[in-house]
Amino acid sequence: LMALRSDVSKPRYVRVNTLKLNTKAAAAVFRKRHKVQKDDLVPDLLLLPPGTDLHDHQLVKNGSVLLQGKASSMVAVALDPKPGWEVLDACSAPGNKTVHLAALMRGEGKIIACELNKERVKRLECTIKQAGATNVEVLHGDFLKLSPVDPSYSKVRAILVDPSCSGSGTAVDRLDHLLPSYQTGHVDQGEMHRLSKLAAFQKMALEHALSFPGVERIVYSTCSIHQIENEDVINSVLPFAISRGFKLGTPFPQWTRRGLPVIEESEQLLRTDPVEDKEGFFIALFVRSISQSESLQ
Ligand code: SAM
């Protein structure tokens, strides 16, 4: 109930797909019927009054805006890919963040969007088409099986790792059940088993991303509230990351909700609150500087 109540009192966020429409023009359209504000942190994100139903809105239907929340929209911005870069989206369907990356790159450069699940590949392709993203190459396969030394990926400068997770930060219908326990992180044994399996995959996926030789930036994100899928994953890959020349960056330093203080670098990690921010997300950023000559090899 608390979660639902907070849902109606929080603004309705929409992300403008700048591949199709600029933010000023989108705001002007919405302003005819609604009060519109720009988000103070995430570019091209608009706030409409709580409960505004936009599912049938023309701009949503034609792919000019996406019904994407603030926390979810922070992920691609944290990766900060530049126009012209090559970027790998490791776990990409349904593709909301893929097309956000494409927009941040102004459609210039290349995104390789990898997805394992065949049905979800179809959704990914729809999202890409709908958004008018022309610089995305869809790869139906297992990210873990891509060879980091394959010359096809030698120019990849950034990787987004948004792996399968428990979804515990977004499942509003399950939040009621989680509310008493989400701060303590308590879960029952069956759920713990599921979380451990997810965390094992999350660590493998992140380590794999850290193995690509030309990569300078990696974002790891989940929509989970559980430490085991978030801080613990970062902690366990950190020695390997450091051995590969990476260190943790600080996404959105002005954002006050940071990682749980269970690791030394927790202030560099970012969390959003499932109730206060509507979605419980986790974002970590790894950076490394690579000299031009190395990255061109
Ligand atoms: N980034 C997506 C977005 O913003 O729309 C959401 C990604 S979802 C959390 C995780 C995705 O990873 C699922 O579609 C799942 O099928 C896919 N996946 C799971 N294991 C994978 C693997 N080994 N290789 C590639 N994709 C995988």
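Note that the structure is predicted; figures quoted are calculated from it, not measured.

## Considerations on the site of the ligand
Then comes step 1: Around the ligand, the surrounding shell holds 19 residues, and the nearest of these are C91, K97, L116, F143 and D162.
Then comes step 2: Elements that contribute at least two residues to the shell around the ligand include exactly α5 (96-104) and β6 (110-115).
Then comes step 3: Its residues assigned to classes, the shell around the ligand comprises nine nonpolar, five polar and five charged.

## Structural notes on helix α8 (residues 189-210)
Then comes step 1: Across its 22 residues, α8 extends 31 Å between first and last C-alpha, which sits within 8% of the 32 Å expected from 1.5 Å per residue.
Then comes step 2: All of the buried residues along α8 are L195, L198, A199, Q202, K203, A205, L206, A209 and L210. Down the axis of α8, the buried set is contained in an arc of 170 degrees. They therefore lie on one face. Exposed residues pointing more than 90 degrees away from the buried face of α8 are listed as Q189, G190, H193, S196, K197 and A200.
Then comes step 3: Buried-residue contacts for α8 involve β8 (156-161), β9 (217-222), α9 (231-243) and β12 (282-287).

## With respect to the sheet that holds strand β3 (residues 45-48)
Then comes step 1: Sheet architecture is open: four strands sit in the order β2-β3-β1-β4, paired in antiparallel fashion. Whereas interior strands pair on both sides, the edge strands pair on one side only; in this sheet they are β2 (37-38) and β4 (65-66).
Then comes step 2: In the sheet, strand β1 (residues 12-16) pairs with β4 via two bridges, with the strands oriented antiparallel. Residue pairing in the sheet places R15 in a bridge with L66 of β4.

## Observations concerning the pairing of strand β5 (residues 86-89)
Then comes step 1: Neither face of β5 is open: one carries E86 and L88, the other V87 and D89, and all of them are buried.
Then comes step 2: Handedness of the β-α-β unit built from β5, α5 and β6 comes out right-handed.
Then comes step 3: Here β5 pairs with β8 via four bridges, running parallel. Paired with E86 across the strands is V156, a residue of β8.

## A look at the nonpolar core
Then comes step 1: One finds A90, A102, I159, V161, V219 and I283 to be the most contacted residues of the largest nonpolar core, which totals 76 residues.
Then comes step 2: In this structure I283 touches M74, V75, A78, V219, S221, P251 and L270, once residues within four positions along its chain are discounted.

## Here we look at the pairing of β6
Then comes step 1: Among the six residues of β6, five are classified as buried, and the element is accordingly described as predominantly covered.
Then comes step 2: Relative to β6, β5 is paired through four bridges, and the arrangement is parallel. Bridging across to β6, D89 finds its partner in A113.
Then comes step 3: When β6 meets strand β7 (residues 136-140), the two strands line up parallel, connected through five bridges.

## A few points about the packing of helix α4 (residues 70-79) against α5
Then comes step 1: Put simply, α4 and α5 touch, their axes get as near as 9 Å, and they point 45 degrees apart. Judged on the interaxial angle alone, α5 and α4 are oblique. Read as a crossing pair, α4 and α5 show a hand that is right-handed. Taking contact as the criterion, the partners of S72, S73, V75, A76, V77 and L79 in α4 are, on α5, N96, K97, H100, L101 and L104.

## Observations regarding the confidence of the model for the protein chain
Low pLDDT marks regions whose predicted coordinates should not be analysed in detail.
Then comes step 1: Per-chain confidence: the protein chain averages 92 in pLDDT, with 90% of residues scoring 70 or above.
Then comes step 2: Interface scoring of the predicted complex returns ipTM 0.99; its pTM is 0.94.

## What to know about α4
Then comes step 1: Of all ten residues that make up α4, ten are buried, and the element is covered over most of its length.
Then comes step 2: Within the sequence span of α4, burial applies to K70, A71, S72, S73, M74, V75, A76, V77, A78 and L79.
Then comes step 3: Against β1, β3, α5, β8, β9 and β12 lie the buried residues of α4.
Then comes step 4: At the C-terminal side of α4, D80 shows a positive phi close to 55 degrees.

## Describing the UniProt feature "binding site: S-adenosyl-L-methionine" (unreviewed entry) in the protein chain
Then comes step 1: If you check UniProt for "binding site: S-adenosyl-L-methionine" (unreviewed entry), the listed places come out as C91, S92, A93, P94, G95, N96, K97, E115, D142 and D162 in our numbering.
Then comes step 2: Position of P94 among the secondary structure elements: in the loop between β5 and α5.
Then comes step 3: Among residues more than four places away in sequence, those in contact with P94 are R120, R123, L124 and T127.
Then comes step 4: Counting through the fold element by element, N96 comes out in helix α5.
Then comes step 5: Its 22 C-beta neighbours within 10 Å are what place N96 among the buried residues.
Then comes step 6: Apart from the residues within four sequence positions on either side, N96 is in contact with L66, Q68, S72 and T127.

Criteria and cut-off values
Residues numbered from 1 in each chain as written. Predicted model: local features only at pLDDT ≥ 70, side-chain atom pairs only at ≥ 80, totals over all residues. Near = placed C-beta within 6 Å. Helix = DSSP H or I, 4+ residues; strand = E, 2+ residues; numbered from the N terminus. Nonpolar A, V, L, I, M, F, W, Y, C, P; charged D, E, K, R; others polar. Expected span 1.5 Å × (residues − 1). Buried ≥ 20, exposed ≤ 12 C-beta atoms within 10 Å, placed from the backbone. Arc of directions from axis to C-beta. Contact = placed C-beta atoms within 7 Å. Pairing = 2+ DSSP bridges. Right-handed = clockwise from strand over helix to strand, strands pointing away. Core = buried A, V, L, I, M, F, W, Y, C linked by C-beta atoms within 7 Å. Axes fitted to C-alpha atoms, helices over the stretch in contact; angles between N-to-C directions. Parallel < 35°, antiparallel > 145°, perpendicular 65-115°, else oblique. Left-handed = near helix turned anticlockwise from the far one by under 90°. pLDDT = per-residue confidence, 0-100. UniProt positions renumbered as here; feature names shortened; annotations may be inferred.

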